[in-house]
Amino acid sequence: MKFDPQKHHRRSIRLKGYDYSQAGAYFVTIVAWQRECLFGEMVDGGMVLNDYGKTIAEKWEWLETQYDYVELGEWIVMPNHFHGILVIDSRGGSRPAPTTPIKPLGGLIGAFKTVSSKHINLLRHTDGIPVWQRNYYEHIIRNEREMDNITKYIKPIHYVGVTMMKLQ
């Protein structure tokens, strides 16, 4: 099929003109490649993570240790997707001010997707096989009410037999 710019163009789902490296809270959803239930399964209303799901959890927490301006809020690994709240604090919060340039949200999600994909592909003895769908969904959290609503959306799911999560 010949390229037709009227039909074949990708529209950005990001807020036009918004600086995604500025301080703020973001709710992200990232979906597994072809919506495959790759990360575990739901059992008795709780999520049982397999080794791939545990990798997702570890690599999400890695973001907070890797980048001093990143704080993680509530998050959850589901069988075929991931939800998380990521806070960019360009002032460094209680930590020292960042000495390196701040990656925008897309760069942080890209880093997460890259390190988690590489580790999962090592576990399943594959190389370069997609783990995640292209792109991700994000919502800029604009106030406490939104933060509370999103937190309530994430929190009801619990992990079965896993204690490493930051769920309260």
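In this report, the structure presented in the accompanying data block is examined. As a convention, each chain's residues are numbered from 1 in the sequence order in which they are written. Per-residue local features are limited, in this predicted model, to residues with pLDDT of at least 70; the limit for side-chain atom pairs, both in listing and counting, is 80 or more; totals at the level of whole chains, interfaces and linings are taken over all residues. Just so you know, side-chain values use all the structure's heavy atoms and leave hydrogens and water out.

## Observations regarding the environment of Tyr67
Only DSSP runs of H or I reaching four residues or more are called helices, and only runs of E reaching two or more are called strands; each is numbered from the N terminus. The topology assignment puts Tyr67 in the loop between α1 (51-66) and β4 (70-77). Put simply, Tyr67 and Lys103 are 36 residues apart on the chain and 8.8 Å apart in space, counted from C-alpha to C-alpha.

## What to know about the sheet that holds strand β3 (residues 46-49)
In a beta sheet, neighbouring strands are held together by backbone hydrogen bonds and run either parallel or antiparallel to one another. Note: two strands are recorded as paired if DSSP finds a minimum of 2 bridges between them. The strand order β2-β3-β7 describes an open sheet built from three strands, whose pairing is mixed. Single-partner strands in this sheet number two, and they are β2 (40-43) and β7 (158-159). Looking at chain direction, β2 and β3 are connected through four bridges and run antiparallel. Residue pairing across strands places Met42 opposite Met47, the latter belonging to β3.

## Here we look at α1
Here the expected length of a helix is defined as 1.5 Å per residue gap, with one fewer gap than residues. If you check α1, its first and last C-alpha atoms are 22 Å apart, about what 16 residues at 1.5 Å a residue would give, namely 22 Å. The contact criterion used throughout is that any non-hydrogen atoms of two residues lie within 4.5 Å. Close packing links the buried residues of α1 with β1 (24-31), β3, β4, β5 (81-88) and α2 (105-123). Structurally, the start of α1 carries an N-cap: the backbone nitrogen of Tyr52 is 2.9 Å from a side-chain oxygen of Asn50. We call two N or O atoms a polar contact when they sit within 3.5 Å, provided that within protein one can donate a hydrogen and the other can accept it, with sequence-adjacent residues counted only if both atoms are side-chain atoms.

## Details of helix α3 (residues 144-154)
Among all positions in α3, only Glu146, Met147, Ile150, Thr151 and Ile154 are buried. End-on view of α3: buried residues confined to an arc of 130°, all on one side of the axis. Seen from the buried face of α3, the exposed residues on the opposite side, beyond 90 degrees, are Glu144, Arg145, Lys152 and Tyr153. The secondary structure elements touched by the buried residues of α3 are β1, β4, β5 and β6 (137-141). With a side-chain oxygen positioned 3.2 Å from the backbone nitrogen of Arg145, the residue opening α3 is Asn143. Throughout this description, buried means an accessible area under 20% of the type-specific maximum (1.4 Å probe, protein chains only), exposed means over 50%, and partly exposed covers the range between. Directions from the helix axis toward the C-beta atoms define the arc.

## What to know about the pairing of β1
Taken across its eight residues, β1 has seven buried, putting it largely inside the fold. Sheet analysis places β1 next to β5, joined by eight bridges and oriented antiparallel. For Ala25, the partnering residue across the bridge sits in β5 and is Val87. Where β1 and β6 come together, five bridges link them in antiparallel fashion. Bridge assignment links Thr29 to a residue of β6, and that residue is Tyr137.

## A closer look at the packing of α1 against α2
In contact at an axis separation of 9 Å, α1 and α2 are set at 145° when each is read in the N-to-C sense. Where α1 crosses over α2, the two elements pack in a sense that is right-handed. Mapping the contact onto sequence places Asp51, Tyr52, Thr55, Ile56, Lys59, Trp60, Trp62 and Leu63 in α1 and Leu108, Ile109, Ala111, Phe112, Val115, Ser116, His119, Ile120 and Leu123 in α2. Of the residues that constitute the contact of α1 with α2, the class distribution is 12 nonpolar, three polar and two charged. Under this scheme, a helix contributes an axis fitted over its contacting stretch, all axes are lines through C-alpha atoms, and angles between N-to-C directions fall in the 0 to 180 degree range. Crossing handedness follows the turn of the near helix against the far one: under a right angle anticlockwise gives a left-handed crossing, and clockwise gives a right-handed one. Only Asp, Glu, Lys and Arg are considered charged, only Ala, Val, Leu, Ile, Met, Phe, Trp, Tyr, Cys and Pro nonpolar, and every remaining residue, Gly among them, polar.

## Some points on unusual backbone geometry
Although it is not a glycine, His125 adopts a positive phi angle of roughly 55°. Its place among the elements puts His125 in the loop between α2 and β6. Its relative accessible area of 74% is what places His125 among the exposed residues. We note that Asn135 has phi near 75°; this positive angle belongs to a residue other than glycine. Turning to its location among the elements, Asn135 is positioned in the loop between α2 and β6. Among the residues examined, Asn135 registers a relative accessible area of 28% and is labelled partly exposed.

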